[in-house]
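Report on the structure
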Amino acid sequence: MRRRAAVAVIAVALVLVFSAATDRSTRRSPRVCAAATWTTVASVDAAVATRIYRNELAGSEVSADLAHVQATRGLAAAAAAGNRAAALRSVQALVFHPHWHIVRLRVLDRRGRLLADVGGPFVIAPVRGVLRSGGRTVGSFLMSVQDDVGEAKLVQRFIGNASGFYVAGRLVAEWGASFPASEPSASSLILAGRRYLLARQTFAAFPSGALDELQLIAPPPAALSRSTCASVEAGAYGAVAVRFARLATSLARAYYGYAATVTLYTGALVFVRSGTQQLASSGGPGPTSLPRSGAVSYRGRTWLDYSFAPEEAARIYVLAPAS
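First, a word on what this report is: a plain description of the structure on this page. (Residues numbered from 1 in each chain as written. Predicted model: local features only at pLDDT ≥ 70, side-chain atom pairs only at ≥ 80, totals over all residues. Heavy atoms only, no water.)

The subject of this paragraph is the pairing of strand β11 (residues 210–217). In terms of burial, β11 is largely enclosed, as seven of its eight residues are buried. The sheet contact formed by strand β7 (residues 163–167) and β11 spans four bridges and is antiparallel. Counterpart to Y166 in the pairing with β11 is D212. With eight bridges joining them, strand β10 (residues 194–204) and β11 adopt antiparallel strand pairing. If you follow A204 over to β11, its bridge partner there is A210. Hairpin connection between β10 and β11: a loop of five residues separates the two successive antiparallel strands, and G209 in this loop has a positive phi of roughly 85°. (Buried < 20%, exposed > 50% of the residue type's maximum accessible area, 1.4 Å probe, protein only. Helix = DSSP H or I, 4+ residues; strand = E, 2+ residues; numbered from the N terminus. Pairing = 2+ DSSP bridges.)

See below:
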């Protein structure tokens, strides 16, 4: 009896040890992303599309074009006088100017009466401004530097996804695929026999109201479902960085501009290094050493590291903020 009891105690002890080891192993090994892989990629692509849109609201081109409109004396004078003909001439000259990009400009006098409205019918990201003359406000304007088709082109160019734009449920612009005439309400869409996940976002339309942008997110490779969600997320940000590297005509001569552009549209920090030498950065000196992938602690937070080598002499590290 004593022998059986001792064996039983040993067996229980072994089970407890095995269970504890299994628990520790589970805690140390994050679960694979599995069914969440597709939605993880979609969330990153949606975040990048949002940053593309925000740049159309407050980017350097927007600031320059606002200054052009506000510096046009003839326009301010026309607004002060309520002269529609003169306002129309000034607005046409601004919209069709060869050296800057304004896709639509709408001008009102001080009382809010419409004086001129020139540009495309389906425009995104309206920006407001005021017209002044002699130190007083004489009118206002609404301006945009991007139309819906242009925005869709940027989404495909920077992210690689086709997208469609809907206003009040009606298709007004598309690029990269033929979208349904009426906005689909489901979370996925089948086109040409292939199912896509829809990343749906709502942005401001011109002159008012809203429009929906729908990105087609293709099914990720099956092997990716065996990765952790953090790894999938890092890879999705890295894929955008790779696209920007391929768009560069001479990457080696434009590392700083490249790093700044990737950060602008992804929010990730970029470090270009050759061995231990840092060639460019959008995030300061960076960590002393960087692994080729995995989690990195920097500036008091955790980042997801993705790296690739577009050229023999350099490796690019993309540190995306962990969600």
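The subject of this paragraph is the environment of A49. Note on placement: A49 falls in helix α2 (residues 37–58). The class of A49 is buried, set by a relative accessible area of 0%. Setting aside residues up to four positions removed in sequence, A49 forms contacts with E151, I159, Q201, F203, E213 and Q215. (Contact = heavy atoms within 4.5 Å.)

With that settled, consider the state of the cysteines. Scanning the model with the defined rule gives one disulfide in all. Disulfide pairing places C33 opposite C229 at an S-S distance of 2.0 Å. Looking down the S-S bond of the C33 and C229 bridge, the torsion is 95°, so its handedness is right-handed. Pair noted here: C33 is in the loop between α1 (2–28) and α2 and C229 is in helix α7 (residues 229–247), with a separation of 196 residues, a long-range link. (Disulfide = S-S within 2.5 Å.)

Taken in spatial order, the five strands line up as β8-β7-β11-β10-β9 in an open sheet, and their pairing is antiparallel. The open sheet is flanked by β8 (170–175) and β9 (188–191), the only strands paired with a single partner. Taking the axes of each pair of neighbouring strands and ignoring which way they run, one obtains an average angle of 30° across the sheet. Relative to β8, β7 runs antiparallel, the two being bridged by five bridges. Each residue of the ladder has a partner; that of V167, found in β8, is R170. (Axes fitted to C-alpha atoms, helices over the stretch in contact; angles between N-to-C directions.)

For helix α4 (residues 73–81), the complete set of buried residues consists of L75, A76, A78 and A79. Buried positions in α4, seen along its axis, are confined to an arc of 160° and lie on one side of it. When the buried face of α4 is taken as reference, the exposed residues oriented beyond 90 degrees from it are R73 and A81. Of the residues flanking the end of α4, it is G82, one or two places downstream, whose phi is positive at about 65°. (Arc of directions from axis to C-beta.)

A separate point is the sheet that holds strand β16 (residues 314–321). Strands pair in a sheet through their backbones, by hydrogen bonds, and they do so in one of two ways: parallel or antiparallel. Taken together, the five strands give an open sheet; going across it, the order is β13-β12-β16-β15-β14, and neighbouring strands pair in antiparallel fashion. The open sheet has two free edges, formed respectively by β13 (277–281) and β14 (293–298), since each of these has just one partner strand. Within the sheet, the average angular offset between the axes of one strand and its neighbour, ignoring direction, is 35°. Note: strand β15 (residues 301–311) against β16, seven bridges, orientation antiparallel. Of the residues in β16, the one forming a bridge with S307 is Y317. Along the sheet face, α7 touches β15 and β16 and points at about 40° away from the line of β15.

Turning our attention to the packing of α7 against helix α8 (residues 255–266). Between α7 and α8, whose axes approach to 10 Å, the crossing angle comes to 140°. One element, α7, and the other, α8, form an angle in the oblique class. Of the two elements, α7 crosses α8, and the hand of that crossing is right-handed. For the pair α7 and α8, the contacting residues are Y237, V240, A241, V242, F244 and A245 in the first and Y258, T261, V262, Y265 and T266 in the second. A per-class count over the contact of α7 with α8 returns nine nonpolar, two polar and no charged. (Parallel < 35°, antiparallel > 145°, perpendicular 65-115°, else oblique. Left-handed = near helix turned anticlockwise from the far one by under 90°. Nonpolar A, V, L, I, M, F, W, Y, C, P; charged D, E, K, R; others polar.)

In this structure the tally under the stated criterion is four salt bridges. In this structure, D117 engages R104 in a salt bridge whose closest nitrogen and oxygen atoms are separated by 2.9 Å. Pair noted here: D117 is in strand β2 (residues 114–119) and R104 is in strand β1 (residues 104–109), with a separation of 13 residues, a long-range link. By relative accessible area, R104 is classed as buried at 11%. Here R200 and E183 are joined by a salt bridge, their closest N and O atoms 2.9 Å apart. (Salt bridge = Lys/Arg side-chain N within 4 Å of Asp/Glu carboxyl O.)

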